Amino acid sequence: MNWSRIRSIAAHDLHSALTSKAVLIPMIFTGIMSLVIMPVGVAFAARSLAGQDAAQIQPLLDRFPAPLLNVLPDIAPQGKVMYLLLVQLMAPLFLMQPVMLTSALAADSFAGERERKTLDYLLSTPVTTIELMAGKVLAAWIPAVIVAAVGSMPYIIAVDVTLHPYMGIALPNPSWILLLFWVAPGAAALALGLSVVISAKVESFQAAYQAGPMILLPFIGLMMGQFTGGVFIGVTTLASIGLGLWCAAGVVAWIAVSIFGRTQLSLAR
């Protein structure tokens, strides 16, 4: 592979995405969620729970499944509820952020090129199919992973400040380290592969992007499973989920390269 060509394709895609309102809107929404809404929500949750009497908090704790309660630190009931909500139950939400951003960037990869009438020019160059895919994958995957990692910092700081009266540093713990640097990149890679395949088959950015939210359904189910007690997201579970995501992403990438030659990409309009 020619890495100079790959970097050129990735730089071209990033420039095109950053000048597109259709791509910028999901990116801005993701940033607002990470940098503003979630930290502010933490502050309000802390204010409402800190003033509650311990006798009133304990019945609420008793409603949660035993696997969740067993991992809570030995602190005051108010701190346990906040730890449960802010550390355990919010974790799957951070999987959705890189998926949303990756879907928007990947939807612009081929479908956006068609709308701008630049795909035929790109396919007429000496770039190979693997180089073309690699450049477009990197252009969407790297920003999504960076935004997920950097965007989580305000939330982590807000959680640590909130829980400081009850315990030491709550985040990042081993589960969140795995989440941010193993599971989230794997989720972004899988979403990216699926979105690139969809983008290569449809004619417009909107059609490609509308299929993106379907990728979020498993993560929404994971979050609901946490709330109902059907799923406990610990270190072992996160490691297994991450491995599964990376394996699935590899399979999707292999399929994408094998079924999309230059002729197919040019005719898929």
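## Quick look at the overall build of the protein chain
Reasoning step 1: Summing up its helical and strand segments, the protein chain has 14 helices and 0 strands in all.
Reasoning step 2: If you list the helices and strands of the protein chain from N to C, you get α-α-α-α-α-α-α-α-α-α-α-α-α-α.
Reasoning step 3: Across the 269 residues that make up the protein chain, the buried fraction comes to 49%.
Reasoning step 4: Of all intrachain contacts in the protein chain linking residues separated by at least 6 positions in sequence, the fraction that spans at least 24 positions is 82%.

## Here's the deal with the layout of surface pockets
Reasoning step 1: Within this model, the largest pocket holds a volume of roughly 360 Å³.
Reasoning step 2: Lining the largest pocket are 17 residues, and of these Met133, Ala134, Val137, Leu192 and Ala253 sit closest to its centre.
Reasoning step 3: Tallied by class, the residues present in the lining of the largest pocket amount to 15 nonpolar, 2 polar and no charged.

## Some words on the confidence of the model for the protein chain
Reasoning step 1: For the protein chain, mean pLDDT is 75; residues scoring 70 or higher make up 74% of the total.
Reasoning step 2: Element-level pLDDT for the protein chain is lowest in helix α14 (residues 262–267), with a mean of 50, against a maximum mean of 85 in helix α13 (residues 235–259).

## Side note on the pattern of salt bridges
Reasoning step 1: Scanning all chains against the criterion turns up 1 salt bridge.
Reasoning step 2: One salt bridge in this structure joins Arg5 and Glu131, with 3.3 Å as the shortest N-O distance. Here Arg5 is found in helix α1 (residues 3–18), whereas its partner Glu131 is found in helix α9 (residues 129–163), with 126 residues between them in sequence.
Reasoning step 3: Given a relative accessible area of 30%, Arg5 falls into the partly exposed group.

## Quick word on the packing of helix α3 (residues 54–62) against helix α5 (residues 77–89)
Reasoning step 1: Look at α3 against α5: their axes get within 8 Å of each other, and the N-to-C directions meet at 40 degrees. What the angle tells us is that α3 and α5 run oblique. You can see that α3 and α5 cross each other, and the crossing is left-handed. On α5, the residues touching Ala54, Ile57, Gln58, Leu60 and Leu61 of α3 are Pro77, Gln78, Lys80 and Val81.
Reasoning step 2: When its residues are assigned to classes, the contact of α3 with α5 shows 6 nonpolar, 2 polar and 1 charged.

## Re a nonpolar patch on the surface
Reasoning step 1: A contiguous nonpolar surface patch, about 530 Å² in accessible area, is contributed by Ile28, Ile32, Val36, Ile37, Val40 and Phe44.
Reasoning step 2: Residue placement: Ile28 occurs in helix α2 (residues 21–50).

## Observations regarding the packing of aromatic side chains
Reasoning step 1: The full count for this structure, using the stated rule, is 3 aromatic pairs.
Reasoning step 2: Judged by centre distance (6.3 Å) and plane angle (65 degrees), the ring pair of Trp141 and Trp246 falls under edge-to-face. Highlighted residues: Trp141 in helix α9 and Trp246 in helix α13, separated in sequence by 105 residues.
Reasoning step 3: Judged by relative accessible area, which is 23%, Trp141 ranks as partly exposed.
Reasoning step 4: On the basis of relative accessible area, Trp246 is assigned to the partly exposed category, the value being 30%.
Reasoning step 5: Seen from their ring centres, Tyr155 and Trp176 are 5.8 Å apart, and the 15 degrees between their planes marks the pair as stacked. Of the two residues, Tyr155 sits in helix α9 while Trp176 sits in helix α10 (residues 174–201), which places them 21 residues apart along the sequence. Summarising the burial analysis for this pair, Tyr155 and Trp176 share the class buried.
Reasoning step 6: Taken together, the ring pairs connect Trp141, Trp182 and Trp246 into an aromatic cluster.

Basis of the calculations
Residues numbered from 1 in each chain as written. Predicted model: local features only at pLDDT ≥ 70, side-chain atom pairs only at ≥ 80, totals over all residues. Heavy atoms only, no water. Helix = DSSP H or I, 4+ residues; strand = E, 2+ residues; numbered from the N terminus. Buried < 20%, exposed > 50% of the residue type's maximum accessible area, 1.4 Å probe, protein only. Contact = heavy atoms within 4.5 Å. 1 Å grid on protein atoms, 1.4 Å probe; cavity = no way out; pocket = protein on both sides within 12 Å on 5 of 7 lines; lining within 4 Å. Points joined across faces, edges and corners; volume = space filled by probe spheres on them. Nonpolar A, V, L, I, M, F, W, Y, C, P; charged D, E, K, R; others polar. pLDDT = per-residue confidence, 0-100. Salt bridge = Lys/Arg side-chain N within 4 Å of Asp/Glu carboxyl O. Axes fitted to C-alpha atoms, helices over the stretch in contact; angles between N-to-C directions. Parallel < 35°, antiparallel > 145°, perpendicular 65-115°, else oblique. Left-handed = near helix turned anticlockwise from the far one by under 90°. Patch = residues over 30% accessible without salt bridge, like charges linked within 9 Å, V, L, I, M, F, W, Y side chains within 5 Å. Areas by Shrake-Rupley, 256 points an atom, 1.4 Å probe, with all protein chains shown as cover. Phe/Tyr/Trp six-rings, centres within 6.5 Å; stacked < 30°, edge-to-face > 60°.

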